[in-house]
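# Structural features, examined
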Amino acid sequence: MECSHVEQSVKIGPQLIHKIRTEKASHWTCSVCRSTKSSWICLKCGAVNCGRYVNAHAKVHHEKNSHHCLCLDQSLAAFCYSCDEFVINDNKSGDIQRIRDMIVEQQQNSPRKRKIEDECKHHTKSKRSSKDDQENVGRVKELPGLRNLGNTCFMNAILQSLSNIQPFSCYFKELPAFELRAENSLNKMPYFTRSRKPDEGCLVEELRKVLCALWQGGGVSHSPESLFHVVWKVVPRFRGYQQQDAHEFMHYLLDRVHTELLLSQKACFGKETIVTGIFGGILQSEVTCLTCMTESKTHDPFLDLSLEIPPEYQNRKGKSRENPCQLQECMTHFAALENLTESEFYMCPNCNKKQESTKKFWIKRLPNVLSLQLKRFRFQSFLRTKLETYVQFPMRGLDMSPYVLQVSVLGILQLLSISLWFVYRVSAGHYTTFACHEGAWYNFNDSNVTRTDEDHVSKAKGYIFFYTRRHPDMSIIEKLQVQNTILR
């Protein structure tokens, strides 16, 4: 929310600066009870106290000092006790962002942070010895990066991937300034917990601005702050500056953009938008009763597929490259015939009771851009751990024909981009993206954009893959482009 107290309740004073420079946010301790859980720093005086779910000493501090109502938590989220809400705006001097920058600078000196940065740099350094090859690898000034607003690398990685999917970004570049009118009743949208207010903004318009900025070049990093603030307003779960999952963000972003385009009634063709035209596929599920062999088919739309790493590969060390798991094996495991457990038995309409049954998946409609996410988490004894298994993937020639129902569909795909996730603990890490831009590969690491090569990309431990069809179905996209022309 927009807070009216930021001008009078934020001050970069000596005590605040000393606290930030001498103590990492992870080491903040409540000045009253010495608790390190949920520590908040007052943006007026620099006092550190615990949150309301510990002993509420930060709230007590505000009640004793009415102008000390704004504070920052360890994830860099600003909160106002007078408004009792998280804050998205800053004062005229931009002091809240300056404080965040100082905290981030302090955190970057930690050994864990340096380890992640070193691993990121490993994928951008060229091992070629010739001078000509070395000139092709290095800092690239003509491609802009995205500023990290405080643990927003998950958003930056997805935005850079979408930016380098040419039909998607070109559509938004040609889309005129987009306004979603209030009479469209956004209460019908998914992920909404309350009615729309006039100042909530339009996610389509902010996404359009970001994609246009990224394609203008110039090498100057763009700040996606306006887009992030709209995300805060329309998807409450992303409020704050804590680490989020890039795959979840992609889902919420594309679903919201698709719904806004549908509600405009002009930027869509029937129930199709540029989102479904690019990423939309249809999955066919076949359940067979093993008693009478009755078969039931259902069709479900999807924007991406989540693949499990086969069990036989899950205990392998992350650095193992001998007989690696193949991405096609993950896809085969996903589509394989499965014997359903007793709790999942099929209610057979012919037998009129639940029977033993099998289930198998087919792709009925192969999307123009196939998004594949690897499930890199597993749960053991109530603990969540990340699977560091190396999964080998083809740069080109990913054959999806064995999983597609229509024989006429040429299911040969090539890689467009890949998002990576470097983890130094299960709940935190760093996201980057490799993407192919005009035939060359680049590493997008927040504000830093560097040239790389296929060899480095192919050795990455991918999290989200974007593959494009060699022969895409352009019929829907062309119809949407015509609608775009009408809008202009």
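Procedures and definitions
- Residues numbered from 1 in each chain as written.
- Predicted model: local features only at pLDDT ≥ 70, side-chain atom pairs only at ≥ 80, totals over all residues.
- Heavy atoms only, no water.
- Helix = DSSP H or I, 4+ residues; strand = E, 2+ residues; numbered from the N terminus.
- Buried < 20%, exposed > 50% of the residue type's maximum accessible area, 1.4 Å probe, protein only.
- Areas by Shrake-Rupley, 256 points an atom, 1.4 Å probe, with all protein chains shown as cover.
- Pairing = 2+ DSSP bridges.
- Phe/Tyr/Trp six-rings, centres within 6.5 Å; stacked < 30°, edge-to-face > 60°.
- pLDDT = per-residue confidence, 0-100.
- Contact = heavy atoms within 4.5 Å.
- Polar contact = N/O pair within 3.5 Å; in protein donor to acceptor, adjacent residues only side chain to side chain.
- Salt bridge = Lys/Arg side-chain N within 4 Å of Asp/Glu carboxyl O.
- Core = buried A, V, L, I, M, F, W, Y, C linked by side-chain atoms within 4.5 Å.
- Axes fitted to C-alpha atoms, helices over the stretch in contact; angles between N-to-C directions.
- Parallel < 35°, antiparallel > 145°, perpendicular 65-115°, else oblique.
- Left-handed = near helix turned anticlockwise from the far one by under 90°.
- Nonpolar A, V, L, I, M, F, W, Y, C, P; charged D, E, K, R; others polar.

Scanning the protein from terminus to terminus reveals 15 helices and 23 strands. Burial statistics for the protein: of 488 residues in total, 51% are counted as buried. Element-wise, carbon and sulfur atoms account for 48% of the exposed surface of the protein, whose accessible area totals about 23500 Å².

On to the sheet that holds strand β7 (residues 295-302), then. Backbone hydrogen bonds hold the strands of a sheet together, and the pairing may be parallel or antiparallel. The strand order across the open sheet built from four strands is β7-β6-β13-β10, with neighbouring strands paired in antiparallel fashion. Edge positions in the sheet fall to β7 and β10 (338-339), since each of these pairs with one other strand and no more.

On to the pairing of strand β1 (residues 39-42). Alternating residues of β1 divide into S39 and I41 and W40 and C42, and every residue in both groups is buried. Here three bridges tie β1 to strand β2 (residues 48-50), and the two strands are oriented antiparallel to one another. The residue bridging I41 from the neighbouring strand is V48, located in β2. Once β1 ends, the chain turns through five residues before running back antiparallel as β2, passing G46 with a positive phi of about 85°. Taken together, the three bridges between β1 and strand β3 (residues 70-73) define a ladder with antiparallel strand orientation. Bridge pairing in β3 places W40 opposite D73.

Turning our attention to the packing of aromatic side chains. One pass over the full model with this rule turns up 18 aromatic pairs. With a centroid separation of 6.1 Å and an interplanar angle of 15°, the aromatic rings of F154 and F238 are classed as stacked. On the criterion of sequence distance, the pair formed by F154 in helix α7 (residues 153-163) and F238 in the loop between α10 (225-234) and α11 (246-264) is long-range, its members being 84 residues apart. In this structure, F154 and F238 share a single accessibility class: buried. A ring pair is formed by F154 and F249, whose centres lie 5.5 Å apart and whose planes are at 80°; its orientation type is edge-to-face. Of this pair, F154 sits in helix α7 while F249 is found in helix α11, placing the two residues 95 residues apart along the sequence. The buried category is assigned to F154, whose relative accessible area is 1%. On the basis of relative accessibility, which here comes to 1%, the residue F249 falls in the buried class. Each member of the aromatic cluster is reached from another via a ring pair, and the members are F168, Y171, F172, F279 and F466.

Within the protein, residue pLDDT values average 82, and 82% of them lie at 70 or more. Contacts from residues 123-141, a stretch scored under 50 in pLDDT, to residues over four places away or in other chains number 36 contacts. For residues 181-199, every residue scores under 50 in pLDDT, and the model assigns this stretch 34 contacts once sequence neighbours within four places are set aside.

Let us now look at the side chain of D304. Along the chain, the position of D304 falls in the loop between β7 and β8 (305-308). A polar side-chain atom of D304 sits 2.6 Å from a polar atom in the side chain of H247. Polar contacts involving the side chain of D304 include one to the side chain of H251, which spans 2.6 Å. Not counting the four nearest positions on each side in its chain, D304 is found in contact with H247, M250, H251, S371 and Q373.

The final tally for this structure, using the stated rule, is 13 salt bridges. With a closest N to O distance of 2.8 Å, E63 and K59 form a salt bridge. Of the two residues, E63 and K59 are both situated in helix α3 (residues 57-64); the distance of four residues between them amounts to about one turn of the helix. A salt bridge links E272 to R365; the nearest nitrogen and oxygen atoms lie 3.1 Å apart. Here the residue E272 occupies a position in the loop between α11 and α12 (274-279), and R365 occupies one in strand β13 (residues 357-365), the gap between them amounting to 93 residues. For R365, a relative accessible area of 25% gives the class partly exposed.

What follows deals with the nonpolar core. Formed by 78 residues in total, the largest nonpolar core has its most connected members in I99, I165, F168, F172, V257, I274 and F279. Element by element, the count of residues in this core is highest for α11, at eight residues. In this view, I274 contacts P167, F168, Y171, F172, L261, I477 and L480; residues no more than four positions away in its chain are not counted.

Another point: the pairing of strand β14 (residues 369-375). Where burial is concerned, most of β14 is hidden: six out of the seven residues are buried. Sheet topology note: the β8/β14 ladder contains four bridges and is parallel. For E308, the partnering residue across the bridge sits in β14 and is K375. Looking at chain direction, β14 and strand β23 (residues 462-469) are connected through five bridges and run antiparallel. What sits directly across from V369, in β23, is T468.

Strand order in the open sheet made by the five strands is β2-β1-β3-β4-β5, with antiparallel pairing throughout. The open sheet has two edge strands with one neighbour each: β2 and β5 (85-87). Taken pair by pair, the neighbouring strands of this sheet meet at an average axis angle of 40°, ignoring direction. Bridge count for strand β4 (residues 78-80) against β5 is three bridges, and the pairing is antiparallel.

Our next topic: the packing of α7 against helix α9 (residues 203-216). Helix-helix packing: each pair is described by the crossing angle between the helix axes and the interaxial distance. One way to put it is that α7 packs onto α9 with a least axis distance of 10 Å and a crossing angle of 70°. It follows that α7 is roughly perpendicular to α9 by the angle criterion. In terms of crossing hand, the pair formed by α7 and α9 is right-handed. Residue-level contacts link L159, Q160, L162 and S163 of α7 to L207, V210, L211, L214 and W215 of α9. Each residue belonging to the contact of α7 with α9 can be placed in one class, and the counts come to seven nonpolar, two polar and no charged.

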